[in-house]
2 protein chains.
Amino acid sequence: MGRPKWSIFVVDAAAADTRAKPVNLDHLLKLAGPDMAGVDSLIRDRMQSPVSVIPALAEHLIGGSAKRLRPLLTVAAARLAGAKDDGCRKLAAAVEFIHTATLLHDDVVDSSELRRGKVAAHLIWGAPSSVLVGDFLFARAFELMVETGSMSALEILARASRVIAEGEVLQLTRAHDLDLDEAVYLQIIKAKTAELFAAAAEAGGVCAGATSDQCRGLRQYGQDLGLAFQLVDDSLDYSGASETLGKNPGDDFREGKATLPLILAIIRTGEAERAFWLRTIDALEQTDADFERARQLVRETGALDSTLKAAAGYAASAKAALAVFPTGAWRTALEDLADFAVARLA
Amino acid sequence: MGRPKWSIFVVDAAAADTRAKPVNLDHLLKLAGPDMAGVDSLIRDRMQSPVSVIPALAEHLIGGSAKRLRPLLTVAAARLAGAKDDGCRKLAAAVEFIHTATLLHDDVVDSSELRRGKVAAHLIWGAPSSVLVGDFLFARAFELMVETGSMSALEILARASRVIAEGEVLQLTRAHDLDLDEAVYLQIIKAKTAELFAAAAEAGGVCAGATSDQCRGLRQYGQDLGLAFQLVDDSLDYSGASETLGKNPGDDFREGKATLPLILAIIRTGEAERAFWLRTIDALEQTDADFERARQLVRETGALDSTLKAAAGYAASAKAALAVFPTGAWRTALEDLADFAVARLA
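Cut-off values and rules
Residues numbered from 1 in each chain as written. Chains lettered and ligands numbered in written order. Predicted model: local features only at pLDDT ≥ 70, side-chain atom pairs only at ≥ 80, totals over all residues. Heavy atoms only, no water. Least-squares fit on C-alpha atoms with pLDDT ≥ 70 in both. Contact = heavy atoms within 4.5 Å. Helix = DSSP H or I, 4+ residues; strand = E, 2+ residues; numbered from the N terminus. Core = buried A, V, L, I, M, F, W, Y, C linked by side-chain atoms within 4.5 Å. Buried < 20%, exposed > 50% of the residue type's maximum accessible area, 1.4 Å probe, protein only. Expected span 1.5 Å × (residues − 1). Polar contact = N/O pair within 3.5 Å; in protein donor to acceptor, adjacent residues only side chain to side chain. Buried area = accessible area lost by both parts, 1.4 Å probe. Nonpolar A, V, L, I, M, F, W, Y, C, P; charged D, E, K, R; others polar. Phe/Tyr/Trp six-rings, centres within 6.5 Å; stacked < 30°, edge-to-face > 60°.

Draft legend 1. Broad picture of the relation of the copies chain B and chain A. When chain B is fitted onto chain A, the two copies agree to an RMSD of 0.0 Å after a turn of 180° and an axial shift of 0.0 Å. What we have between these two chains is a two-fold relation. When you check the interface residues of chain B against chain A, 100% turn up at the interface there too, and the contact is symmetric in its surfaces.

Below you can see the structure in the form of structure tokens.
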């Protein structure tokens, strides 16, 4: 799109503030630069294995276009909490490995075709390799955590890994359910997305010796940020271009995945469109024109706007959770990240 | 077969001792009874989840016919090393969860139809559920380990989990290779089977505060025992009945999996049978009669005997590794287990 990757304009849907204000992550990325370079070295070092398929597949997914939001969260939380040493870098690399493992398994489960703008790994190396390399990265994550010596961080991230798996299974069994309501949907994205954001931030605080109030604040910040990111992602599936998404718009719809824009559109169109949703989502019988019609309904019913408003609400709540910390460069940078979460609109 | 499950006769191939001597695990199972009942409770408690597919699928695999060899190894190693408390039970449950997770992923990777005498879980709940419930159990294992508070045990089992994944990927990329040699095959089974046996025993010792010599001895015992079990399993695929195996004999052959009996038969039949192996293993073009012919070649070339001799050698080496401990009830029981490993012939 010719626009710099990390510098876009906020559409503040919650406040209905129509003046666009510039949001960029330059400040955060500069502050976290040395830490993230260290995290990158660790990631590249620890994804190695004498079994050559492993680094090849890992490089495909990890190298290049990954935004590394979750490890960024870990180092920023640790520095905000006053971390003096570099222990948070290992934890951050572990967080990225857990995330990458879940992506690999997710793409097999969903038979996705694109990930991070590239052909999904299972289509190149096969689903078995994706499953097993995911297992490798997951185990490596725990090896890295053991090296930090922090049992609390291990506890937080082991729990998060379990909650993510529960969220994935819940989504698998409920996602095509035409009567899925907002509450179950929120339960799913809290588990499968927001939990790792929450754990990434909390673990960063824990390894820096933050107070329990501060750790709670960081956890809340991470959870709300994760929800905001996921809601915007779900919106982009109905409004974005593939360059922004790193996957094809309409993928969720074609898989019959009930995300918030779709759930709200189904509720708001009621009996009038029941047959359309039954055919396209419940029975997954779709023609090429169906996505356009769904996209139109999602817009016309205000389902897209409501989803973005919810996202903006979570971003605001995330920023508020940082009040347990004194103002300063790291806090401002994390506030920018919350604004950025809701500003990624095409 | 009407024979008691845990009481069979040793065929001591290594020593060419043709007198059958009775081997049973009664002594070990009685000694470990209270611990294994505790482990069972923990397993049943920790496989629960509000997402109902998870306990249903886990129960299918964990309940009933599982032998629980690996957790048995953990508690026996801990007690042999003088464990006074019950911390080893949580570790043992964690070991069984790791094992079950790898089985779930393995069956998806291999498209296996039977596991532990039942229809494989992925054929009932689908491959996506098997992958994700495997992830759940893996994460639960780490949660249990965190509860024990033993960073050393975490280190051992995180490493083992990573080595297992590497072994699985190596097998995936090399298993249909007609020129796979004994050395690579041993590397594969050391990683995918023996490593968890080794880690299960070592972690048991570590949590009991064993000396480093004793921990090394337990690790060696576990590794050799695991190799003996795997070699006998691979033999049973060519000689066993499905009741003994918990899966169909000939499965490895039909998947073109190069196990030691097959590797040796391929080497020993040389050019004479090259075309047969190329068609059945390399190209996986098989008729119903092919398994019978392969079975005959595996027997006639002595490949089956050689595999069993290797197994008996590892069992003997396992017993020898226990010499770092004084004689006593637990040591005898673990020696019996090594004998049992090579006595599971149909």
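Draft legend 2. Fine view of unusual backbone geometry. We note that Leu284 of chain A has phi near 55°; this positive angle belongs to a residue other than glycine. For Leu284 of chain A, the location among the structural elements is in the loop between helix H14 (274-282) and helix H15 (288-300).

Draft legend 3. Main features of the nonpolar core. Counting 236 residues, the largest nonpolar core has Tyr221, Trp277 and Leu337 of chain A together with Tyr221, Trp277 and Leu337 of chain B as its most contacted members. Apart from residues no more than four positions distant in its own chain, Trp277 of chain A is found in contact with Leu178, Phe253, Leu262, Ala265, Ile266, Thr269, Asp282, Ala294 and Leu297 of chain A.

Draft legend 4. Looking closely at helix H8 (residues 151-174) of chain A. In this model H8 of chain A runs 34 Å from its N-terminal to its C-terminal C-alpha over 24 residues, within 8% of the 34 Å that 1.5 Å per residue would give. With 17 of its 24 residues buried, H8 of chain A lies for the most part within the structure.

Draft legend 5. Here's a closer look at the environment of Glu143 of chain B. Here Glu143 of chain B lies in helix H7 (residues 127-148). A relative accessible area of 14% places Glu143 of chain B in the buried class. Distance from Glu143 of chain B to Arg46 of chain B, taken between C-alpha atoms, is 9.6 Å for residues 97 residues apart in sequence. In contact with Glu143 of chain B, other than residues within four places in its own chain, are Ala158, Arg159 and Arg162 of chain A. Side chain to side chain, Glu143 of chain B and Arg162 of chain A meet in a polar contact 2.8 Å long.

Draft legend 6. Representation of the interface of chain B and chain A within the structure. Contacts between the two partners involve 36 residues from chain B, matched on the other side by 36 residues from chain A. Both sides of the chain B and chain A interface together cover about 3200 Å² of buried area, and 81% of this is carbon and sulfur. Counting the contacts that link chain B with chain A gives six residue pairs in polar contact (both at pLDDT 80 or more). Element by element, the count of residues in the side of chain B that touches chain A is highest for helix H8 (residues 151-174) of chain B, at 14 residues. Looking at the side of chain B that touches chain A residue by residue, the classes come out as 21 nonpolar, seven polar and eight charged.

Draft legend 7. Inspection of the packing of aromatic side chains at higher detail. Residue and element names in this part refer to chain A. For the structure on display, the rule yields 12 aromatic pairs over all chains. Note on Phe253 and Phe291: the rings are 5.9 Å apart at their centroids and 45° apart in plane angle, and the pair reads as tilted. In this pair, Phe253 sits in helix H12 (residues 251-254) while Phe291 sits in helix H15, placing the two residues 38 residues apart along the sequence. Since its relative accessible area comes to 8%, Phe291 is described here as buried.

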